[in-house]
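# Chains, contacts and geometry: an overview
Chain residues, written in single-letter form:
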Amino acid sequence: MQPAPQSAAAPPSPAHVAVIMDGNGRWAKARGLPRVAGHKRGADAVRTIVESCAEMGIRYLTLYAFSSENWKRPAEEVDDLMGLLRIHLTTEIDRMSRNGVRLRFIGDRKRLAPDIVRLIGEAEARTRDNRRLDLVLAINYGGHDEILRAARRLAGEAAAGRLEPDEIDEARFAAALDTAEIPPPDLIIRTSGEQRLSNFLLWQAAYAELIFTSVLWPDFNRQCLADAVAEYHRRERRYGGS
Ligand code: FPP
């Protein structure tokens, strides 16, 4: 990977970009291929975008890799997606580690296979000191589920007498979410023409710029990312002010 080029005139890149990677199935269908072929090409696009983010000086990249609703897909497709994840967590980890990428995970790990939970733990431990790019993979993630787990945790603290309900403010609540210590996304991109958040980062998306592109995820490349960042810079962020 090249060092992040950032000329004095260029505006700083958004610190945190999050992506709803959509359209793998349609990419495959358009070519008469099985859905898994689209997911494989989607995994290749993940590699390209991780490298592009690091080169562009983006500090955090969150990818919606498997939602808590994705379990409803046919068992074979779920197995294919989990298989790709296993491959990524084993073969890609050396390369990511060498390139200064820190891997983090959000979502509920309880429903994941034990070997995946172990690989996730190892990847986090191994890349903990990397500082170039934090790659946050959302796996078995749902925004409602994350908020409910945080609420239950805080309610438990309150019931145990360790926390007064009035002490629960935005900062306290945010710290109970899976994304504690990760800043909210500046930009959320969704590919494939769909225009919804689909339960992704519901709390954290409050002030994010949303960009929807018709490009299918397997075709999403460095130029597509650069175009989205350019569009982000054309928008004026006011955070509710005038
Ligand atoms: C949506 O396409 C994409 C997903 C359900 C998962 C994204 C997974 C990958 C990119 C591959 C593995 C990821 C990693 C991190 C190794 P879709 O199947 O919903 O497409 P469709 O809407 O066209 O059917």
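The model shown is predicted, which means the values in this text are computed figures rather than measured ones.

## Quick word on the sheet that holds strand S2 (residues 60–67)
Read from one edge to the other, the open sheet built from six strands follows the order S3-S4-S2-S1-S5-S6, with strand pairing classed as parallel. Of all strands in the sheet, those with a lone pairing partner are strand S3 (101–106) and strand S6 (209–212), marking the two edges. Ignoring which end each strand starts from, the neighbouring axes of this sheet average 20° apart. As paired elements, S3 and strand S4 (residues 133–141) share six bridges and run parallel to each other. Its bridge partner being in S4, Arg104 is matched across the sheet by Val136.

## Things to note about the site of the ligand
Around the ligand, the structure places 15 residues, and the nearest of them are Met21, Gly25, Arg26, Arg35 and Arg73. In the model, an oxygen atom of the ligand is placed 3.3 Å from a nitrogen or oxygen of the Gly23 main chain. Within the contact set of the ligand, an oxygen atom lies 3.2 Å away from a backbone nitrogen or oxygen of Asn24. Within the complex, 92% of the 620 Å² of free accessible area of the ligand lies under protein. Those elements that place two or more of their residues in the shell around the ligand are helix H1 (24–30), helix H2 (35–56) and helix H3 (75–98).

## Some points on the packing of aromatic side chains
All chains considered together, the criterion is met by six aromatic pairs. Between Tyr64 and Tyr141, the aromatic rings sit 6.0 Å apart at their centres with planes inclined by 80°, giving edge-to-face as the arrangement. In this pair, Tyr64 is assigned in strand S2 and Tyr141 in strand S4, connecting sequence segments 77 residues apart. Each member of the pair, Tyr64 together with Tyr141, is buried. Counting every residue linked through ring pairs, the aromatic cluster contains Tyr64, Tyr141 and Phe200. A cation sits over an aromatic face here: Arg59 above Tyr60, 5.1 Å from the ring centre.

Criteria and cut-off values
Residues numbered from 1 in each chain as written. Predicted model: local features only at pLDDT ≥ 70, side-chain atom pairs only at ≥ 80, totals over all residues. Heavy atoms only, no water. Pairing = 2+ DSSP bridges. Helix = DSSP H or I, 4+ residues; strand = E, 2+ residues; numbered from the N terminus. Axes fitted to C-alpha atoms, helices over the stretch in contact; angles between N-to-C directions. Near = heavy atom within 4 Å. Polar contact = N/O pair within 3.5 Å; in protein donor to acceptor, adjacent residues only side chain to side chain. Areas by Shrake-Rupley, 256 points an atom, 1.4 Å probe, with all protein chains shown as cover. Phe/Tyr/Trp six-rings, centres within 6.5 Å; stacked < 30°, edge-to-face > 60°. Buried < 20%, exposed > 50% of the residue type's maximum accessible area, 1.4 Å probe, protein only. Lys NZ or Arg CZ within 6 Å of the ring centre and 35° of its normal.

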